[in-house]
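Okay, here's what each chain looks like letter by letter:
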Amino acid sequence: MDKKDITILAIESSCDETAASVVVNGRTVLSNEISSQIDIHTLYGGVVPEIASRKHIERVNQVIRAALNTAGKTLSGLDAVAVTCGPGLVGALLIGVSAAKALSFGTGLPLIGVHHIEGHISANYISDPDLVPPFVCLVVSGGHTHLVRVKDYGEYEILGRTRDDAAGEAFDKVARAIGLGYPGGPKIDMAARNGDPDAVRFPRGKVEGSAYDFSFSGIKSSVLNYLNECDMKKIPVNVPDVAASFQKAVVEVLTEHAMRAVEEYRFDRLTLAGGVASNSALRASMAEACAKAGVKFSCPPPVLCTDNAAMIGCAAYYEYLKGFRSGYDLNAVPGLQLGESVYR
């Protein structure tokens, strides 16, 4: 490779995936190793933070070694080490941050702390080599629902966010209520394919006085009330119909808000990011709306929508070019906000 190439080892451990990746120049992924804990947390109906932290400790060195081996790299062939430092589960974040700091200290490689949501947004740069700011990105995950104006690499304006539950959180809670279990997003997506999205009319969450903010607690409560009513009246619940109707209500609001932002700010590009961005109904709805509006639409493949380290390596590359470096006082910040300057 040419000497100007920048090779970064990235580590991600914000929730229940232990991941490491080697990324060149922010967009070429040489390896993307992910060790998932889904099978373990499914037993408990959701992520147990203490268990997640312990599993990260057990797997982080193995995953890093696998990423280097797959990429055909050694530590001496790297230019920097990057790691997610927030937001996320504090114990889980600390494992990745500690591993990255140890590698940086032992090798002398620069250390770069990365915002998890910035990583999700940056996944679009990997899947779409022609994508450059500015554009609008809808970030939809288990812990976040943000409508973001991407002004430049690393420069963001949050146009709207959820006032209560994130969309992914609502998916998990509704899935649990209708007996599908964890993880809720993929299971509702699958069940909805056999259901009627117009079988039950659930409310569309709107926030008075805000064109772009979201609210999903109301629709979650509406589903629970519907289920209770069916139980009291001894009416059998058609799970695929409930799943499809709930999914339609959420997708419609997400699509409507995103397209309103595209129109108001006159952007010609809309992207999706985050774990819920792998939902087939959301991807189809966004693609259709963008096609009608003459707007370019892009979304990473599912493996880059869920938590991974390649997206962290991509985001870190643009921080590296700006000269940003973290000190050894880098810490896990579980409530870190997008654009917050805690670690900059």
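Presented here is an overview of the structure given in this document. (Residues numbered from 1 in each chain as written. Predicted model: local features only at pLDDT ≥ 70, side-chain atom pairs only at ≥ 80, totals over all residues. Heavy atoms only, no water.)

## Description of the sheet that holds strand 9 (residues 269-273)
To keep it simple, the criterion reads: Two strands qualify as a pair provided DSSP detects at least 2 bridges between them. For the purposes of this entry, the term helix denotes a DSSP run of H or I that reaches at least four residues, the term strand denotes a run of E that reaches at least two, and both are numbered from the N terminus. Helix axes use the C-alpha atoms of the stretch in contact, all axes being lines fitted to C-alpha atoms, and the angles between their N-to-C directions lie in the range 0 to 180 degrees. Residues are treated as being in contact if the distance between any of their heavy atoms lies within 4.5 Å.
Strand order in this open sheet of 5 strands is 8-7-6-9-10, and the pairing throughout is mixed. Two strands in the sheet have a free side with no partner beyond their single neighbour: strand 8 (155-161) and strand 10 (296-298). When the angles between neighbouring strand axes are averaged without regard to direction, this sheet yields 25 degrees. Where strand 6 (residues 135-140) and strand 9 come together, 4 bridges link them in parallel fashion. Opposite V136, over in strand 9, you have L270 as the bridge partner. Helix 9 (residues 280-293) rests against strand 6, strand 9 and strand 10 of the sheet, and its axis sits at about 175 degrees to strand 9.

## Side note on the environment of V139
Rules: Three exposure classes are used, based on accessible area relative to the maximum for each residue type with a 1.4 Å probe and protein chains only: buried under 20%, partly exposed in between, and exposed over 50%.
When you line up the elements, V139 lands in strand 6. The exposure class of V139 is buried, given its relative accessible area of 0%. Through-space distance from the C-alpha of V139 to that of V60 is 26 Å; in sequence the pair is 79 residues apart. Not counting residues up to four positions away in its chain, the partners in contact with V139 are I117, I121, H144, T145, H146, V148 and A273.

## Considerations on the layout of surface pockets
Filter applied, for reference: Put plainly, a pocket is an open set of points on a 1 Å grid over the protein atoms alone with protein on both sides within 12 Å along at least five of seven lines, a cavity is a set where a 1.4 Å probe fits but cannot get out, and a lining residue has an atom within 4 Å of a point. Grid points are joined across faces, edges and corners, and a volume is the space filled by probe spheres set on the points. Throughout this entry, Asp, Glu, Lys and Arg are counted as charged residues, while Ala, Val, Leu, Ile, Met, Phe, Trp, Tyr, Cys and Pro are counted as nonpolar. The remaining residues, Gly among them, count as polar. Domain extents, as shown, originate in an automatic or database domain assignment.
Volume-wise, the largest pocket comes out at about 1,100 Å³. Lining the largest pocket we find 39 residues, and of these D16, S141, G142, D172 and Y182 sit closest to its centre. Residue composition of the lining of the largest pocket, grouped by class: 13 nonpolar, 17 polar and 9 charged. For the lining of the largest pocket, the domains that each give at least three residues are domain 1 (7-121 + 305-321) and domain 2 (132-300). As for the second largest pocket, its lining consists of 14 residues, of which P197, Q247, K248, V251 and A281 are closest to the centre. Among the secondary structure elements, those contributing two or more residues to the lining of the second largest pocket are helix 6 (184-192), helix 8 (239-265) and helix 9. By residue number, the principal contributor to the lining of the second largest pocket is helix 8, which donates 5 residues. Across the lining of the second largest pocket, the residue classes tally to 6 nonpolar, 4 polar and 4 charged.

## Things to note about empty space enclosed by the protein
Taken as a whole and assessed by the stated rule, the structure comprises 1 cavity of 30 Å³ or more. Volume-wise, the largest cavity comes out at about 40 Å³. Lining the largest cavity are E118, S122, Y125, Y153, G154, Y156, A315, Y318, E319 and K322. Put simply, the parts of the chain that give the lining of the largest cavity at least two residues each are helix 4 (116-127) and helix 11 (310-321). Residues of the lining of the largest cavity, tallied by class, amount to 5 nonpolar, 2 polar and 3 charged.

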